[in-house]
Amino acid sequence: MTAPAGLHQKDEGFTLVELLVAITLIALLTVGLYQAFGIGTRAASTVSTNIDRPAQIAVAYDFMQRAFSAAEPLPSGNDPSQATLNFDGQAHALSFVALPPAYLAIGGFQRLHLGLEPGNGGLRLIVSWQGVPRGSIAPQPEMLQPSILIDQVRDVTFGYFGVPGPNQPPAWLDQWSERDALPLLICMRLTL
């Protein structure tokens with residue numbers, strides 16, 4: 001059967017203009033989706049950082065509380081009649097003797113040191129353990145690899161509350177060294 005004269009059979013397909021419009025719309029949708037994906041990724045990263053920071057501070061606080069409560073009033077040096085304790089509390093660093101946590105499995109009395117050291121993107125609060133020699137045949141003190149408590153710290157300041165000397169009222173001090181008693185309280189101010 002043939003088509004009547006004057007009527008043309010319609011061809012199937014797209015014109016070049018329709019194809020260019022479709023490609024442009026697909027490109028615009030792709031750019032929009034890519035930007036939305038980038039915004040979502042940055043938001044997730046920010047939320048993750050904001051969640052990790054308080055968790056890191058809570059773990060450090062728990063560790064510090066346990067370490068301070070485990071502090072031992074051991075005299076410095078081998079002379080037991082010496083009155084000063086093995087406790088050195090400065091404004092920006094702290095060292096004292098304590099029993100380490102069981103998970104470290106190092107045993108014996110250890111000198112714990114807290115302080116700042118340079119790290120990625122600023123300073124970081126680190127803790128290190130060093131064995132304390134006891135007795136006449138004590139092994140050489142061994143230093144463990146320092147552990148990072150909190151990263152990206154601007155400053156840390158310690159304060160010490162206790163009786164500074166005989167016939168003196170308890171007070172907050174910015175250092176506690178060469179004393180005959182441990183401080184009653186230790187305050188740590190952290191600037192992130």
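Structural data are supplied above this passage.
Residues numbered from 1 in each chain as written. Predicted model: local features only at pLDDT ≥ 70, side-chain atom pairs only at ≥ 80, totals over all residues. Heavy atoms only, no water.

Asker: So what's going on with the overall build of the protein chain? Which residues, and what values?
Answerer: Summing up its helical and strand segments, the protein chain has one helix and nine strands in all. Element order for the protein chain, N to C, with α for helix and β for strand: α-β-β-β-β-β-β-β-β-β. Burial status across the protein chain gives 22% buried among its 192 residues. Pairs at least 24 residues apart make up 52% of the contacts formed inside the protein chain by residues separated by at least 6 positions. Only carbon and sulfur atoms are counted for the fraction: they give 61% of the accessible area of the protein chain, which is about 13,500 Å². (Helix = DSSP H or I, 4+ residues; strand = E, 2+ residues; numbered from the N terminus. Buried < 20%, exposed > 50% of the residue type's maximum accessible area, 1.4 Å probe, protein only. Contact = heavy atoms within 4.5 Å. Areas by Shrake-Rupley, 256 points an atom, 1.4 Å probe, with all protein chains shown as cover.)

Asker: Go over a nonpolar patch on the surface, please, and point to the residues and values.
Answerer: Together, F14, L16, L19, L20 and I23 make up an exposed nonpolar region whose accessible area comes to about 590 Å². Among the structural elements, I23 can be located in helix α1 (residues 16–69). (Patch = residues over 30% accessible without salt bridge, like charges linked within 9 Å, V, L, I, M, F, W, Y side chains within 5 Å. Salt bridge = Lys/Arg side-chain N within 4 Å of Asp/Glu carboxyl O.)

Asker: Kindly report on the sheet that holds strand β7 (residues 171–173), identifying the contributing residues and their values.
Answerer: What the three strands build is an open sheet, ordered β7-β6-β9; its pairing is antiparallel. If you trace the sheet from one side to the other, it starts and ends with β7 and β9 (185–191), each paired once. Mean inter-strand twist for the sheet, computed between neighbouring axes without regard to direction, equals 25°. Here strand β6 (residues 155–162) pairs with β9 via seven bridges, running antiparallel. Bridge pairing in β9 places F161 opposite L185. (Pairing = 2+ DSSP bridges. Axes fitted to C-alpha atoms, helices over the stretch in contact; angles between N-to-C directions.)

Asker: Before we move on, can you summarise the side chain of S95 with the specific residues and values?
Answerer: Its location among the elements puts S95 in strand β2 (residues 94–98). At 2.7 Å, the side chain of S95 forms a polar contact with the side chain of H113. In this view, S95 contacts N86, F87, D88, R111, L112 and H113; residues no more than four positions away in its chain are not counted. (Polar contact = N/O pair within 3.5 Å; in protein donor to acceptor, adjacent residues only side chain to side chain.)

Asker: An account of the sheet that holds strand β5 (residues 147–153) is requested, with residue identities and associated values reported.
Answerer: Pairing between the strands of a sheet comes from backbone hydrogen bonds, and it takes one of two forms, parallel or antiparallel. Read from one edge of the open sheet, six strands run β5-β4-β3-β2-β1-β8, paired in antiparallel fashion. At either margin of the open sheet sits one strand with a lone partner, and together these are β5 and β8 (176–177). Here strand β3 (residues 110–119) runs beside strand β4 (residues 122–131); their pairing, made up of 10 bridges, is antiparallel. Bridge pairing links R111 to Q130 in β4.

Asker: Tell me what's going on with the layout of surface pockets, and back it up with residues and numbers.
Answerer: Regions of empty space are outlined by a rolling probe, equal in size to a water molecule, passed over the atoms. Roughly 320 Å³ of internal volume is contained in the largest pocket. What lines the largest pocket is a set of 15 residues, among which M64, Q65, F68, I186 and C187 lie closest to the centre. Looking at the lining of the largest pocket residue by residue, the classes come out as 13 nonpolar, two polar and no charged. (1 Å grid on protein atoms, 1.4 Å probe; cavity = no way out; pocket = protein on both sides within 12 Å on 5 of 7 lines; lining within 4 Å. Points joined across faces, edges and corners; volume = space filled by probe spheres on them. Nonpolar A, V, L, I, M, F, W, Y, C, P; charged D, E, K, R; others polar.)

Asker: Can you explain the pairing of β4? Please cite residues and give values.
Answerer: Of all 10 residues in β4, seven are buried; the element is thus mostly enclosed. The turn joining β3 and β4, which pair antiparallel and follow one another in sequence, is formed by two residues; a positive phi near 75° is taken by G121.

Asker: Any chance you could break down the nonpolar core for me, citing the residues and the numbers?
Answerer: Counting 21 residues, the largest nonpolar core has F63, F96, L112, L114 and L149 as its most contacted members. Residue assignment for this core shows that the elements contributing at least two residues are α1, β2, β3, β4, β5 and β6. For this core, the leading source of residues is α1, giving four residues. Filtering out sequence-adjacent residues up to four positions away, L112 remains in contact with F63, A67, L94, S95, F96, V127, S128 and W129. (Core = buried A, V, L, I, M, F, W, Y, C linked by side-chain atoms within 4.5 Å.)

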